[in-house]
Amino acid sequence: MAFEALNFSTPGLAEDLRGQIKSFSALTAAKEDDRTSGQDILAAALSDYGIVIETLYANGYYAPVVSIRLDGREASEIPLLSTPATVDRVDVTINSGPRYQFGTARLQPLAPRTDLPADFRSGERAKSTTITDAAQAGIDGWRDLGFAKADLVRENVVAVHPERRVDVDLGIDTGPRLRFGRLNTDGDSYVRSAAQRRIAGLPEGEMFDPEDVDRSVDRLTRTGAFATVTLREAEVPNPDGTLDMELEVTDAKPRRFGFGAELSSLEGVTLSTFWLHRNLLGGAERFRVDAEVSDISNNTNGIDARLGARLDVPGAIGPETDAFFRGEIAMEQEPAYDSDSVELGAGLSRRISDTLSAEIGLGYLYAETEDDLGKRSFSLVTLPLSLTWNTRDSDLDPRNGWYVNAEATPFLDTDGDGNGARLYADLRGYYALGERERTVLAGRLQIGSVIGPEIEDTPPDFLFFSGGAGSVRGQPYQSLDVNLRDGVDVGGRSFVGLSGEIRQDIGESLGLVAFADAGYVGEDSMPDDEGNWHSGAGVGVRYKTGLGPLRLDVASPVGGDTGKGVQIYLGIGQSF
């Protein structure tokens, strides 16, 4: 078979640099892809001359000798009109020559506080990448101060071979200091131009800042209305010292739908789906409808169902503050209560930073419930507040970072004295061990409290239970509650949940997990000795997919008297 041998000879070259050259090589790629015609091999060989030299320059070698021979003939000397039909053997010989150092390393003028590469100085290895990085750092330093058209105008780079040194003298023309001008749109989007400008929030008239440009692109991308977003500077500044910006976007597909499924041996099947419409009204709005049916099992009291809709309006009050409107109807047949409810709400959500966001709303909830306390109805005005801090490297399969969600929902009972607030916090942390990060330690703490009304005056779904996939695996769903008196079991006003996992990768796609969970529910608003604990532990398997890891957990009780036997859980994504 043609092209049976590809040999690299790199005398005196460090093994890591040899590895770089082989991995970048077009000949290596051609052989791996089974592109073995004479024309393919010659094209790859001619490309490799440049690849090898560029790689050596990047590592400080400026006098290399490179030979690439195809069946004994130097590739660069083979006429293009006489390409061999087949090639059996390719020999690449690389003599790197001596390593060079910087003699002169000069870049002028520099903006204050410009952070140049540490090795851009006399006596350090003269890597071409260091020169490129230094030039870019010099330009960025001026651009950060508003000099948007700063550019390299002098590039004197000379290799002095007898002395094995490279002299570098770079010069920057800063150009004028500029302010943001008008944001121009290309007009090819179904999102109105005025809405694009509003969402981008580019501060017209203020000093040019590349970070403002990046933030504008991020805001537009986050709407989900656009498949691509490109924001470029105009070629020529305006006479008044402003610089217009040119925005080009490609619309995303307007509609999307998805589904999910989760299985528990006791709680049964949970099925969910959503339908999403992007740019509903021409202002990059997101309208989403969610539906969920859960507790599909002969082991539960009945099927639960939810149907909700939410409309998000980006940039409603300033570029970082969105408005939302939401509604939900729910039918719950839980182990401890039944509830039919309708909820409406509206509010504002604000992105405070890349990792911190907040939300405030105003809502109305009407619910008709039945539990051990009898049939009751609730009519509540709510003021839900939330703050979320998220530094995780992935939402579905985090390996490092933190996630903290704090919620407070003050409520006013329009028909009685059940005024108060429901508080809840969810804290999660992740830490990967080792250089390859194949072992992950994960922990979770949940805290909840209802303050104000007595249990009898609190909607059952505002109270807390423990047990099941979201709290204590191995214990039956909502199996831990509060016994007020004989025959009256309800949720508690305080809750604590603890979870810990050790996640270990096995190969590229498979992982194993060992975990332990514990939960507490108490009658009072603050945890005390009168409340009860239970716990569970088990092991799991994870299989990585494009949607996130496929999760299978097997757990059993290890503490408390709320359950027995083995429980099985199946879903997508890590448990927390």
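This text follows the structure it describes.
Residues numbered from 1 in each chain as written. Predicted model: local features only at pLDDT ≥ 70, side-chain atom pairs only at ≥ 80, totals over all residues. Heavy atoms only, no water.

Trainee: Just checking my understanding: could you explain the overall build of the chain for this structure?
Mentor: In terms of helices and strands, the chain carries six helices and 29 strands. In terms of overall dimensions, the chain has C-alpha extents of about 95 × 65 × 45 Å along its principal axes. When the 576 residues of the chain are sorted by exposure, 44% land in the buried category. Accessible area of the chain: about 28800 Å², with a carbon and sulfur share of 52%. (Helix = DSSP H or I, 4+ residues; strand = E, 2+ residues; numbered from the N terminus. Buried < 20%, exposed > 50% of the residue type's maximum accessible area, 1.4 Å probe, protein only. Areas by Shrake-Rupley, 256 points an atom, 1.4 Å probe, with all protein chains shown as cover.)

Trainee: Is there a simple way to think about the nonpolar core in this case?
Mentor: Most often, soluble globular proteins have nonpolar side chains that are buried together. Leu27, Ile68, Leu70 and Val90 are the most contacted members of the largest nonpolar core, which has 26 residues in total. Contributing elements (two or more residues each) for this core: β1 (5-9), α1 (15-24), α2 (26-32), α3 (38-58), β2 (65-70) and β4 (89-95). Here this core gets seven residues from one element, more than from any other, and that element is α3. With sequence-adjacent residues up to four places away left out, Leu27 is seen in contact with Phe3, Leu6, Ile41, Ala44, Ala45, Asp48, Ile68, Val90 and Val92. Within the second largest apolar cluster, 22 residues are counted, among which are Ala195, Leu220, Ala234 and Met245. (Core = buried A, V, L, I, M, F, W, Y, C linked by side-chain atoms within 4.5 Å. Contact = heavy atoms within 4.5 Å.)

Trainee: When you look at the packing of aromatic side chains in this model, what are you seeing that I'm missing?
Mentor: Any aromatic ring pair is given by two values, namely how distant the centres are and how the planes are angled relative to each other. Applying the stated rule across the entire model yields 11 aromatic pairs. Aromatic pair Phe411 and Phe462: ring centres 5.3 Å apart, planes at 75°, arrangement edge-to-face. In this pair, Phe411 sits in strand β20 (residues 401-413) while Phe462 sits in the loop between β22 (439-451) and β23 (482-485), placing the two residues 51 residues apart along the sequence. This pair shows no difference in class: Phe411 is buried, exactly as Phe462 is. (Phe/Tyr/Trp six-rings, centres within 6.5 Å; stacked < 30°, edge-to-face > 60°.)

Trainee: Teacher, can you tell me more about the side chain of Thr185 here?
Mentor: Residue placement: Thr185 occurs in strand β8 (residues 179-185). Among the polar contacts made by the side chain of Thr185, one reaches the side chain of Ser193 at a distance of 2.8 Å. For Thr185, the contacting residues outside a window of four places in its chain are Ser193, Gln196, Arg197 and Leu247. (Polar contact = N/O pair within 3.5 Å; in protein donor to acceptor, adjacent residues only side chain to side chain.)

Trainee: How do you make sense of the environment of Ser556 when you look at a structure like this?
Mentor: Relative to the helices and strands, Ser556 is located in strand β28 (residues 550-559). Measuring from C-alpha to C-alpha, the distance between Ser556 and Ile506 comes to 24 Å, with 50 residues separating the pair along the chain. Among residues more than four places away in sequence, those in contact with Ser556 are Gly474, Gly536, Ala537, Gly565 and Val566.

Trainee: Honestly, a negative patch on the surface in this entry has me stumped. Any pointers?
Mentor: On the surface, a cluster of negative charge is contributed by Asp417, Glu454, Glu456, Asp457, Glu523, Asp529 and Glu530. Inspection of the secondary structure puts Glu454 in the loop between β22 and β23. Judged by its relative accessible area of 47%, Glu454 falls in the partly exposed class. (Patch = residues over 30% accessible without salt bridge, like charges linked within 9 Å, V, L, I, M, F, W, Y side chains within 5 Å. Salt bridge = Lys/Arg side-chain N within 4 Å of Asp/Glu carboxyl O. Lys, Arg positive; Asp, Glu negative; His and termini not counted. Charge placed at Lys NZ, Arg CZ, Asp CG, Glu CD.)

Trainee: Got a minute to help me understand the environment of Asp119 in this structure?
Mentor: In this fold, Asp119 is placed in the loop between β5 (101-108) and α4 (128-143). Its relative accessible area of 24% is what places Asp119 among the partly exposed residues. Apart from residues no more than four positions distant in its own chain, Asp119 is found in contact with Phe102, Glu124, Arg125 and Thr130. Within the local environment of Asp119, its side chain forms a polar contact with the side chain of Thr130, the two groups lying 3.3 Å apart.

Trainee: When you look at the sheet that holds β5 in this model, what are you seeing that I'm missing?
Mentor: The strands making up a sheet associate through backbone hydrogen bonding, with each pair oriented either parallel or antiparallel. Pairing is mixed across the open sheet formed by three strands, whose spatial order is β5-β7-β6. Of all strands in the sheet, those bounded by a partner on one side alone are β5 and β6 (151-160). Pairs of neighbouring strands in the sheet enclose a mean axial angle of 10°, with direction left out of account. Relative to strand β7 (residues 165-173), β6 runs antiparallel, the two being bridged by nine bridges. Following the sheet pairing, Ala159 is matched in β7 by Val166. Sitting on the sheet, α4 touches β5, β6 and β7, and the angle it makes with β7 is about 20°. (Pairing = 2+ DSSP bridges. Axes fitted to C-alpha atoms, helices over the stretch in contact; angles between N-to-C directions.)

Trainee: Can you help me understand the packing of helix α5 (residues 193-200) against helix α6 (residues 210-222) in this one?
Mentor: Two quantities define a packed helix pair, namely the angle between the helix axes and the distance between the axes. Remark: α5 packs on α6, axes separated minimally by 8 Å, with the N-to-C direction vectors making an angle of 120°. Taken together, α5 and α6 sit at an angle that is classed as oblique. Facing α5, whose interface residues are Gln196, Ile199 and Ala200, α6 presents Ser216, Arg219 and Leu220. Of the residues in the contact of α5 with α6, the class split is three nonpolar, two polar and one charged. (Parallel < 35°, antiparallel > 145°, perpendicular 65-115°, else oblique. Nonpolar A, V, L, I, M, F, W, Y, C, P; charged D, E, K, R; others polar.)

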